[in-house]
Amino acid sequence: MTARPPVRSVTVVGGGLAGFTTARELRAGGYDGALRIVDPQGTPYDRPPLSKAVLLGRSSGEDIRLAPPGWYEENAVEVLTDRVAKLSPSSGGVLLASGGELSSDAVVLATGGAARPLTIPGGDHPAVRVLRELADAEELRARLEPGSRLVVIGAGLIGAEVASSATQLGASVTLVDPVPVPLVPAVGPELAEVLHAMHAQRGVRVVQGRPSRITAYGPAVLVEVPQDGAAPLSLPADVVLSATGITVDTSLAEAAGLAVREAVITGLDGRTSNPAVYAAGDSARRRGADGSLLRRSEHWESALLDGTAVARSLLGLPAQERQPGWFWSDRYGVHAEAAGAMSAPGSTVLRAVDGAPRLAFRLSPEGRLLGCAGIDSSKAVRAARRLIARGARVRAEDLRDPAVDLKKLGRE
Ligand SMILES: Cc1cc2nc3c(=O)[nH]c(=O)nc-3n(C[C@H](O)[C@H](O)[C@H](O)COP(=O)(O)OP(=O)(O)OC[C@H]3O[C@@H](n4cnc5c(N)ncnc54)[C@H](O)[C@@H]3O)c2cc1C
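Residues numbered from 1 in each chain as written. Predicted model: local features only at pLDDT ≥ 70, side-chain atom pairs only at ≥ 80, totals over all residues. Heavy atoms only, no water.

By the naming in an unreviewed UniProt entry, the protein goes by Oxidoreductase and is assigned to Streptomyces albus. What UniProt states about the protein under its Cofactor (unreviewed entry) heading is, verbatim, "FAD". (UniProt positions renumbered as here; feature names shortened; annotations may be inferred.)

Trainee: Describe the site of the ligand, naming the residues involved and giving the relevant values.
Mentor: Residues in close proximity to the ligand total 35 residues, the closest being Asp-39, Gln-41, Lys-52, Arg-132 and Asp-282. The separation between an oxygen atom of the ligand and a polar main-chain atom of Glu-298 is 3.2 Å. Between the ligand and the protein, one listed contact pairs a nitrogen atom with a backbone N or O atom of Trp-328 at 2.9 Å. Elements with a contribution of two residues or more to the shell around the ligand: helix H1 (17-28), helix H4 (157-168), helix H8 (300-314) and strand E21 (326-331). Residues of the shell around the ligand, tallied by class, amount to 16 nonpolar, 10 polar and 9 charged. (Near = heavy atom within 4 Å. Polar contact = N/O pair within 3.5 Å; in protein donor to acceptor, adjacent residues only side chain to side chain. Helix = DSSP H or I, 4+ residues; strand = E, 2+ residues; numbered from the N terminus. Nonpolar A, V, L, I, M, F, W, Y, C, P; charged D, E, K, R; others polar.)

Trainee: Outline the layout of surface pockets, supporting the account with residue identities and numerical values.
Mentor: By rolling a water-sized probe across the atoms, one finds the places where empty space is left. One number sums up the size of the second largest pocket: a volume of about 160 Å³. Around the second largest pocket, the lining residues are Leu-268, Arg-286, Glu-301, Leu-305, Thr-308, Ala-309, Arg-312, Gln-320, Glu-321, Arg-322, Gln-323 and Arg-385. Of the residues forming the lining of the second largest pocket, the biggest block, 5 residues, is contributed by H8. When its residues are assigned to classes, the lining of the second largest pocket shows 3 nonpolar, 3 polar and 6 charged. (1 Å grid on protein atoms, 1.4 Å probe; cavity = no way out; pocket = protein on both sides within 12 Å on 5 of 7 lines; lining within 4 Å. Points joined across faces, edges and corners; volume = space filled by probe spheres on them.)

Trainee: Could you give an account of helix H3 (residues 134-143), with specific residues and numbers?
Mentor: Among all positions of H3, only Leu-134, Asp-136, Ala-137 and Leu-140 are buried. One side of H3 carries all its buried residues, which in axial view fall inside an arc of 155°. Summarising the contacts, the buried residues of H3 are in contact with strand E9 (128-129), H4 and strand E16 (239-242). (Buried < 20%, exposed > 50% of the residue type's maximum accessible area, 1.4 Å probe, protein only. Arc of directions from axis to C-beta. Contact = heavy atoms within 4.5 Å.)

Trainee: Can you lay out the pairing of E21 for me, pointing to particular residues and giving the numbers?
Mentor: Covered by surrounding structure in E21 are Phe-327, Ser-329 and Arg-331 only, the residues Trp-326, Trp-328 and Asp-330 on the alternate face being uncovered. Where E21 hands over to strand E22 (residues 334-340), the hairpin turn is made up of 2 residues, of which Tyr-332 adopts a positive phi near 50°. (Pairing = 2+ DSSP bridges.)

Trainee: Outline the sheet that holds strand E13 (residues 213-217), supporting the account with residue identities and numerical values.
Mentor: Sheet strands line up and pair through hydrogen bonds in the backbone, either parallel or antiparallel. The strand order across the open sheet built from 3 strands is E13-E14-E15, with neighbouring strands paired in antiparallel fashion. Where the open sheet ends on each side, the last strands, each with one partner, are E13 and strand E15 (230-237). Across the sheet, the mean angle from the axis of one strand to that of its neighbour is 30°, orientation sign disregarded. In the sheet, strand E14 (residues 220-227) pairs with E15 via 6 bridges, with the strands oriented antiparallel. Pairing of Val-225 across the sheet is with Leu-233, part of E15. (Axes fitted to C-alpha atoms, helices over the stretch in contact; angles between N-to-C directions.)

Trainee: Account for the nonpolar core, naming residues and giving values.
Mentor: Note on soluble globular proteins: their nonpolar side chains tend to be buried together. Counting residues in hydrophobic clusters, the biggest one holds 40 residues, and the most contacted among them are Leu-50, Leu-144, Leu-150, Val-162, Val-173, Val-187 and Leu-241. When residues of this core are assigned to their parent elements, the largest contribution, 4 residues, is made by helix H6 (residues 189-201). Apart from residues lying up to four places away in sequence, Val-187 is in contact with Ala-192, Leu-195, Phe-327, Ala-338, Met-342, Ala-360 and Ala-373. Membership of the second largest hydrophobic core comes to 25 residues, among which are Tyr-72, Tyr-278, Ala-311 and Leu-314. (Core = buried A, V, L, I, M, F, W, Y, C linked by side-chain atoms within 4.5 Å.)

Here is the structure:
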């Protein structure tokens, strides 16, 4: 096998967590070639605070920067505020929306996701907002004040966090979702129920249904939600947040001939079907060691680890093993987390505190731990995650017993 010539210039397309981490880890690993990040939003910032501290007015755009402004100069990382319109992998070229062209030895695609648009009639009314970027959070924040009426469509992770933040701001919140209890696949039905019940406990009106249209109503709107066997509900709103998930724009990759299935396909090292192009973060999807396509992740830690993997690959270092996937979410002052696969075939064991489920564990029919979700239980989820990674066999009664320290389990 001939050695690959060393990479002397890298263009990172997208300055979210995955793209920024690639650049940071390249420099941390001693890469001293040219390095640039292209993003229409300019200097990289972190997204999880957008639905939490930024919406609550506790953090500003400056507070959520992934690195202080001086870092880029100190580390010779050029940030271009522009959009990449086309890739030409054969020549290492990248065409900018502003018209310029860049060339480099390697391109890293880290373009993330965009909030899924609301495609019902009236979904394009100016009162209907999404939340993916800092500007979205700032606009939403400006519209939320005591007494303002917010309808949140979609009670997944982001919709739930916004409902929580808006309630704290004094807004009157209605949360609409077609399923009776969202997030079951992510945390299991028992914890999902505990988490969902918090909305009503904090004064949020919870409506089950799928909005069918939005109509103007003076400066406000009415969100119409059909109801089984009853007249549709008509929910007045000063602002509507559409939080129905993200879409991944794969058009750049497809036009460049890269292998794509819902996202840009990569190996464990982040390399796409073209050896000069890498992909990372929400817009990438890895193949496992056995060649099977893994599920695309839309979580913070995965974007971080993808960026690290791409940097290691560019530095010529071997891929690192990863722990099972993990995410967190905060609402109403509680911290929810999950690791591994909570919807894998098997059975669920609960650990309760004061009669309420606090941890849920997913066990395979052979008694191996597959997934764990917890509320305000970070240490336990961390310990469970290690057990999941090891494929450890655990006894249901130990998982159930709050007196048993999970760190001591699985030592066969
Ligand atoms: C409001 C909110 C709250 C969240 N909270 C949590 C949480 O609590 N826990 C958790 O685990 N995860 C959370 N996440 C998810 C997490 O933030 C994402 O998984 C992570 O940001 C993905 O990083 P990324 O770099 O892949 O993509 P992104 O962060 O989406 O960054 C992609 C970047 O690419 C740029 N771009 C797109 N197209 C182009 C182009 N053609 N040319 C140049 N640049 C381009 C975009 O402008 C963007 O800046 C949250 C996300 C949001 C939006």
